[in-house]
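So you can see what is in the structure, the chains are spelled out below.
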Amino acid sequence: MSAVRRALPEDAEEVLRLRQVMIDAVFASDPSVAWHGESLPALRDELGEPDGDFVAFVVDHPERPGTLASLVAGTIDYRIGKPGDPRGMVGFVFSVATDPSARRRGYARACMSTLLEWFRERGARRVQLTASPEAEPLYVSLGFRPKPDPLLELAL
């Protein structure tokens, strides 16, 4: 299997391509990629920040040089501590995608394991994510458990 590595600024276009694969699979939304151009500079900056709160781990596609097979991205946030989590560091996984031609090879699991270790190293005691029904078995096998979600959202 190809090695998991941290995504670099030069991977930004491929990271967006795989994010679009995830968006298309999970959300019934506009399939337009017009937003990629506006997103690219900020993503490149974030990928170039080795000590930031954002990280992406990837696997290179074994049959298509210059493309990525799999992606996982996440952030770590501070939230006021609470019992069982006095430091308040919480990891959030927000983008997991595998190129359709590279699925069922363990790439997403390998990327997730690397991301979980990154969270542990930074003191996170909890990791949250939203899973599609197809991906839920992977996350459950890694120890994630469903939680009632009282999340509300406001678009500004």
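The rules behind the values
- Residues numbered from 1 in each chain as written.
- Predicted model: local features only at pLDDT ≥ 70, side-chain atom pairs only at ≥ 80, totals over all residues.
- Heavy atoms only, no water.
- Core = buried A, V, L, I, M, F, W, Y, C linked by side-chain atoms within 4.5 Å.
- Buried < 20%, exposed > 50% of the residue type's maximum accessible area, 1.4 Å probe, protein only.
- Helix = DSSP H or I, 4+ residues; strand = E, 2+ residues; numbered from the N terminus.
- Contact = heavy atoms within 4.5 Å.
- Expected span 1.5 Å × (residues − 1).
- Phe/Tyr/Trp six-rings, centres within 6.5 Å; stacked < 30°, edge-to-face > 60°.
- Pairing = 2+ DSSP bridges.
- Axes fitted to C-alpha atoms, helices over the stretch in contact; angles between N-to-C directions.
- Salt bridge = Lys/Arg side-chain N within 4 Å of Asp/Glu carboxyl O.

Peer 1: How do you make sense of the nonpolar core when you look at a structure like this?
Peer 2: One recurring pattern in soluble globular proteins is that nonpolar side chains are buried together. Membership of the largest hydrophobic core comes to 22 residues, with the highest contact counts inside it found for Val72, Val93, Val96, Met112, Leu115, Trp118 and Phe119. Those elements giving two or more residues to this core turn out to be strand E2 (54-60), strand E3 (68-78), strand E4 (89-98), helix H3 (107-121) and helix H4 (136-141). Examining the composition of this core, we find that eight residues originate from one element, H3, more than from any other. Every residue in contact with Met112, bar those within four places of it in the chain, is listed here: Val72, Val93, Val96, Leu129, Tyr139, Leu142 and Phe144. Counting 18 residues, the second largest nonpolar core, distinct from the first, contains Phe54, Ala56, Val58 and Ala97.

Peer 1: Teacher, can you tell me more about helix H1 (residues 12-26) here?
Peer 2: Working note: α-helix, 3.6 residues per turn, so residues spaced by three or four point in the same direction. For H1, with 15 residues, the first-to-last C-alpha span of 21 Å sits near the 21 Å given by 1.5 Å per residue. Contact partners of the buried residues in H1: helix H2 (35-47), E2, E3 and E4.

Peer 1: Help me understand the packing of aromatic side chains in this model?
Peer 2: Each aromatic ring pair is specified by the distance between its two centres and by the angle formed by the two planes. For the structure on display, the rule yields three aromatic pairs. Both rings, one in Tyr139 and one in Phe144, keep their centres 5.9 Å apart while their planes meet at 75°; by these two values the pair is edge-to-face. Each member of the pair, Tyr139 as well as Phe144, is classed as buried.

Peer 1: Teacher, can you tell me more about the pairing of E2 here?
Peer 2: On a regular strand, one side chain projects to one face of the sheet and the next to the other, so that they alternate. Judged by how many residues are buried, E2 sits mostly within the fold: six of seven residues are covered. Where strand E1 (residues 4-6) and E2 come together, three bridges link them in antiparallel fashion. Looking at the pairing, Val4 lines up with Val59 of E2. In this sheet, E3 lies alongside E2 in antiparallel orientation, the contact comprising seven bridges. Residue pairing in the sheet places Asp60 in a bridge with Leu68 of E3.

Peer 1: Even after reading the chapter, I still don't get the sheet that holds E2, so can you show me in this structure?
Peer 2: Two pairing modes exist for strands in a sheet, parallel and antiparallel, and in both the strands are linked by backbone hydrogen bonds. Spatially, E1-E2-E3-E4-E5 is the arrangement adopted by the five strands of the open sheet, whose pairing is mixed. For this open sheet the edge positions go to E1 and strand E5 (126-129), each flanked by a neighbour on one side alone. Across the sheet, the axes of successive neighbouring strands diverge by a mean angle of 25°, strand direction being ignored. Here H3 sits on the sheet and contacts E1, E2, E3, E4 and E5; the angle it forms with E3, its principal contact strand, is near 25°.

Peer 1: Help me understand the pattern of salt bridges, please; the structure alone is not making it clear to me.
Peer 2: Two side chains that carry opposite charge are able to pair once their charged atoms sit near each other. The final tally for this structure, using the stated rule, is eleven salt bridges. Across the salt bridge formed by Arg126 and Asp85, the nearest N and O atoms sit 3.0 Å from each other. Of this pair, Arg126 sits in strand E5 while Asp85 sits in the loop between E3 and E4, and the two are 41 residues apart along the sequence. Assessed through its relative accessible area of 23%, Arg126 is described here as partly exposed. Within this structure, Glu14, Arg17, Arg64 and Asp99 form a network of salt bridges that share partners.

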